[in-house]
Amino acid sequence: MYRFFFKRVLDIIVSLIALPFVLVISLILSVVIFFNDGGTPFYFAERLGKNGKVFKMYKLRTMKKNMPDLRNPDGSTYNSEDDYRLTSCGKWIRRFSLDELPQVLNVLKGEMSLVGPRPDLPSQEKFYVGNERDKLLVRPGITGYSQAYFRNSISWKERIEFDIFYIQNVSFIMDMKIMLKTATALFQSKNIYNTAVPSPCPTVETVVKG
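About the criteria used
Residues numbered from 1 in each chain as written. Predicted model: local features only at pLDDT ≥ 70, side-chain atom pairs only at ≥ 80, totals over all residues. Heavy atoms only, no water. Core = buried A, V, L, I, M, F, W, Y, C linked by side-chain atoms within 4.5 Å. Buried < 20%, exposed > 50% of the residue type's maximum accessible area, 1.4 Å probe, protein only. Helix = DSSP H or I, 4+ residues; strand = E, 2+ residues; numbered from the N terminus. Contact = heavy atoms within 4.5 Å. Patch = residues over 30% accessible without salt bridge, like charges linked within 9 Å, V, L, I, M, F, W, Y side chains within 5 Å. Areas by Shrake-Rupley, 256 points an atom, 1.4 Å probe, with all protein chains shown as cover. Salt bridge = Lys/Arg side-chain N within 4 Å of Asp/Glu carboxyl O. Expected span 1.5 Å × (residues − 1). 1 Å grid on protein atoms, 1.4 Å probe; cavity = no way out; pocket = protein on both sides within 12 Å on 5 of 7 lines; lining within 4 Å. Points joined across faces, edges and corners; volume = space filled by probe spheres on them. Nonpolar A, V, L, I, M, F, W, Y, C, P; charged D, E, K, R; others polar. Polar contact = N/O pair within 3.5 Å; in protein donor to acceptor, adjacent residues only side chain to side chain.

Observations concerning the nonpolar core
At step 1: Of all hydrophobic cores here, the largest spans 25 residues; its most connected members are Tyr128, Tyr145, Tyr166, Met174 and Ile178.
At step 2: Contributing elements (two or more residues each) for this core: β2 (54–60), β3 (113–115), α4 (145–149), α5 (156–169) and α6 (172–188).
At step 3: If you tally residues by element for this core, the top one is α5, at seven residues.
At step 4: Apart from residues no more than four positions distant in its own chain, tyrosine 166 is found in contact with Lys7, Val115, Gly116, Pro117, Tyr145, Met174, Asp175 and Ile178.
At step 5: Formed by six residues, the second largest nonpolar core is a distinct cluster that contains Leu29, Ile33, Cys89 and Ile93.

Quick look at the structure:
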């Protein structure tokens, strides 16, 4: 019942409560972004949604105008602390994931959930193998299992492994733990960038036991 009904109800209630705060913070940041380089404050990124439907995910812009799209070998977006494409304020905004705040609107529209697998680029769908396509069975989330525990410190394929684990075990308690862990991770400002992947990388079993 939670997965198929109450989860959506919770998404709507929490998003409506958070919306006024999100709008105020987004407005302040959009002014900062505009005066930083004169460009539009918002960015609309195409992402894979539930059942593979492509939607536009709302974000605050953190990169300079007219920058190239850089990808990692696995097709995921390049993310580095010394990325020359980031604006001066963009680095700070990314540090606390404030660029994701507008996605509350995606949640209200039914395109995303508060908690779920982070949405992939449409071009990454061709890299799915085995049961990895199962991550498209649910709405993508503003935060998720991988983001809460590892943020950007593990590879895309390893993130999918945890996404599948989440989908197979989704519950109200797990969602609450993920949101609490996400808040903790943001304040600690750890694992923001994906250029230093741990070796050996943690597995689902070690995280669950931990």
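Some remarks on unusual backbone geometry
At step 1: Its identity is not glycine, yet asparagine 51 carries a phi of approximately 60 degrees, on the positive side.
At step 2: For serine 97, which is not glycine, the phi dihedral falls at a positive 55 degrees.
At step 3: Relative to the helices and strands, serine 97 is located in the loop between α2 (88–95) and α3 (103–108).

Some details on a nonpolar patch on the surface
At step 1: Side chains of Met1, Phe5, Phe6, Val9, Ile13, Val14 and Ile17 sit close together on the surface and give an oily, nonpolar patch of about 670 Å² of accessible area.
At step 2: If you trace the backbone, valine 9 turns up in helix α1 (residues 2–37).
At step 3: Classification of valine 9 by relative accessible area gives partly exposed; the value is 30%.

Some details on the pattern of salt bridges
At step 1: Per the stated rule, a full pass over the model turns up 11 salt bridges.
At step 2: A salt bridge links aspartate 175 to lysine 7; the shortest N-O distance between them is 2.7 Å. Of this pair, aspartate 175 sits in helix α6 while lysine 7 sits in helix α1; the two residues are 168 residues apart in sequence, bridging distant segments of the chain. Accessibility classification places aspartate 175 together with lysine 7 in one group, the buried group.

A look at α5
At step 1: With 14 residues, α5 extends 20 Å between its outermost C-alpha atoms, agreeing within 8% with the 20 Å of an ideal straight helix rising 1.5 Å per residue.
At step 2: Within α5, burial applies to Trp156, Arg159, Ile160, Phe162, Asp163, Ile164, Phe165, Tyr166 and Ile167.

Quick look at empty space enclosed by the protein
At step 1: Applying the stated criterion across every chain yields a total of two cavities of 30 Å³ or more.
At step 2: Roughly 50 Å³ of internal volume is contained in the largest cavity.
At step 3: Residue composition of the lining of the largest cavity, by class: six nonpolar, one polar and five charged.
At step 4: The volume enclosed by the second largest cavity comes to roughly 30 Å³.
At step 5: Around the second largest cavity, the lining residues are Tyr2, Lys7, Leu10, Asp11, Leu114, Asp175 and Met179.
At step 6: The biggest single contributor to the lining of the second largest cavity is α1, with four residues.
At step 7: For the lining of the second largest cavity, the per-class residue count stands at four nonpolar, no polar and three charged.

Looking at the environment of phenylalanine 21
At step 1: Looking at the secondary structure, you find phenylalanine 21 in helix α1.
At step 2: Counting along the chain gives 80 residues from phenylalanine 21 to leucine 101, while the straight-line C-alpha distance between them is 9.7 Å.

So, the side chain of threonine 62
At step 1: With respect to the secondary-structure elements, threonine 62 resides in the loop between β2 and α2.
At step 2: A residue is classified by how much of its surface remains accessible, and threonine 62, at 6% relative accessible area, is buried.
At step 3: A distance of 3.0 Å separates the side chain of threonine 62 from the side chain of arginine 94, its partner in a polar contact.
At step 4: With residues up to four places along the chain from it excluded, the contact list for threonine 62 reads Arg85, Leu86, Thr87, Gly90, Ile93, Arg94 and Asp99.

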